[in-house]
Structure formats: C-alpha cells, structure tokens
Amino acid sequence: MPTRLTTPLAPVLDAHRFAAGSWWSDSVLRERVDALRRKAASGHLRPFQIMTCTAGGPHLREVTRSFIEMIERAALGTLRRLGRPLVRWLMVQRSLCPSIDEMAAALASCGVEVVRQAAPQHSAHSIFDGRRALLDAVRGHDLSDEPIVLFLDDDLAFDALYSGPEGVDLGAPWPWLPALWLYHEAHPDIDVALSLIHI
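Residues numbered from 1 in each chain as written. Predicted model: local features only at pLDDT ≥ 70, side-chain atom pairs only at ≥ 80, totals over all residues. Heavy atoms only, no water.

Summing up the model confidence of the protein, the mean pLDDT is 82 and the portion of residues at 70 or higher is 82%. Strand β4 (residues 84–85) holds the highest mean pLDDT among the elements of the protein, 95, whereas strand β1 (residues 5–6) holds the lowest, 44. Long-range and interchain partners of residues 1–11, a stretch whose pLDDT sits below 50, account for 20 contacts in this model, where long-range means more than four residues apart. (pLDDT = per-residue confidence, 0-100. Helix = DSSP H or I, 4+ residues; strand = E, 2+ residues; numbered from the N terminus. Contact = heavy atoms within 4.5 Å.)

With that out of the way, let us pick up a nonpolar patch on the surface. On the surface, a cluster of nonpolar side chains totalling about 250 Å² of accessible area is made up of Leu135, Val149 and Phe151. Residue placement: Phe151 occurs in strand β7 (residues 148–151). (Patch = residues over 30% accessible without salt bridge, like charges linked within 9 Å, V, L, I, M, F, W, Y side chains within 5 Å. Areas by Shrake-Rupley, 256 points an atom, 1.4 Å probe, with all protein chains shown as cover. Salt bridge = Lys/Arg side-chain N within 4 Å of Asp/Glu carboxyl O.)

The next point concerns the pattern of salt bridges. In total, this model carries 12 salt bridges according to the counting rule given. Here Glu185 ties to Lys39 by a salt bridge, and the two come within 2.5 Å at their closest N and O atoms. Here Glu185 is found in helix α5 (residues 176–186), whereas its partner Lys39 is found in helix α1 (residues 27–41), with 146 residues between them in sequence. Looking at Glu185, the relative accessible area reads 35%, which means it is partly exposed. Here the salt bridges share partners, and the residues they tie into one network are Glu62, Arg65, Glu69 and Asp159. (Buried < 20%, exposed > 50% of the residue type's maximum accessible area, 1.4 Å probe, protein only.)

Our focus in this paragraph is the packing of α1 against α5. Close contact between α1 and α5 brings their axes to 10 Å; oriented N to C, the two are set at 75 degrees. The angle between α1 and α5 places the two elements in the roughly perpendicular class. Contacts from Arg32, Val33, Leu36, Lys39 and Ala40 in α1 reach Pro178, Trp181, Leu182 and Glu185 in α5. For the contact of α1 with α5, the residue count by class is 6 nonpolar, no polar and 3 charged. (Axes fitted to C-alpha atoms, helices over the stretch in contact; angles between N-to-C directions. Parallel < 35°, antiparallel > 145°, perpendicular 65-115°, else oblique. Nonpolar A, V, L, I, M, F, W, Y, C, P; charged D, E, K, R; others polar.)

Written out as structure tokens, the structure is:
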C-alpha cells in the first residue's frame, strides 16, 4: 500500500490555545490528556520513539526542561509496555559533550528509555551527514512494537510562543505527545506526517 503524506497537525489542536495559558490549566484539555493516558496504560495506544542527532550545546537544557515538564504534567513517564517505557529517546551523538550527558540523565530519571549511540566520525561535517547517521542508527534500532517515530531537530523545544496579555509569552499551550496520539487516532491511514514551523 502506498505511503500517504500530509502536513497539518493543527486540526487536533485547539486554535484558541495560542492565546491561552498552559494546557494543564484548561480543564477540557486536562481531561482529554488523562483519558489518553488511561487508554495508553491499558495498551491501546502506541509508544513514542524520539530520534535526534546532536552535537550538544546549551540549547539542550531548554529542550530537556520543556520535554520533562510535558511528560510529567501528562504523567507519561510511568507508562510501560512489556517492561519498556512508552516514551523512548535515541540520541546519536556527533561529539562528546556534558550537555548530552545531562540531558540523557535527566530524561532517564523521569522514566524515559534513553539509548545513546556515537555517530560516525564523518557525520560531524554537516547537518546532512548527521541526519544520515541518524537514519543509519535507526536501521539497527528495535522498533518491533511499532512506536510512533519522531525524527526531530535537536533544538526543538516542547513549548511555544503565543500571544499573552502583555505581548508574546513563552509557555506550553499544547500537550505535544498526547496531541500526536489524537492525530494518529484521527488519521490512522497516514504513515508519514510532516510538520513545518511557520514564521
């Protein structure tokens, strides 16, 4: 069967969230996320496998902070299937860097399965080489339980800029991983979804 491609993620996310506070303060979103968590705990939703290639850097602190805030607020770190966490992260390292060590330790302490793999030496030459190293690492990675695979840039934080009462604010208007469960439920026939950042 041919793979279908699509771009929109917005239909499963409430547009008004751009002008609101954190998602967990919204009782409707809170209940939707809690219902999804219960469904995942009973084995009816797929795991998440995040994959990044990184050389490290100070930006990883904000990525880590925003991700941990999301999974803790959604209580995803305690979910397991057949002994494995439902939230997993493969890090292909383009260099040795303390920020990668800190990120891996912080994620693991919150229940995320973290696998670290050194990238080939040539992958330090360009972003393209790093992404090719990530694809090579995926070929040997265990995806037997059919997780939702997320190929992400290493500087993607899990919060957003939105319009607040005093101008632009930084916050968490959406629960990103639960929103992907909703997207998958709404579009079960889609194999690959692409998301772009519009400025």
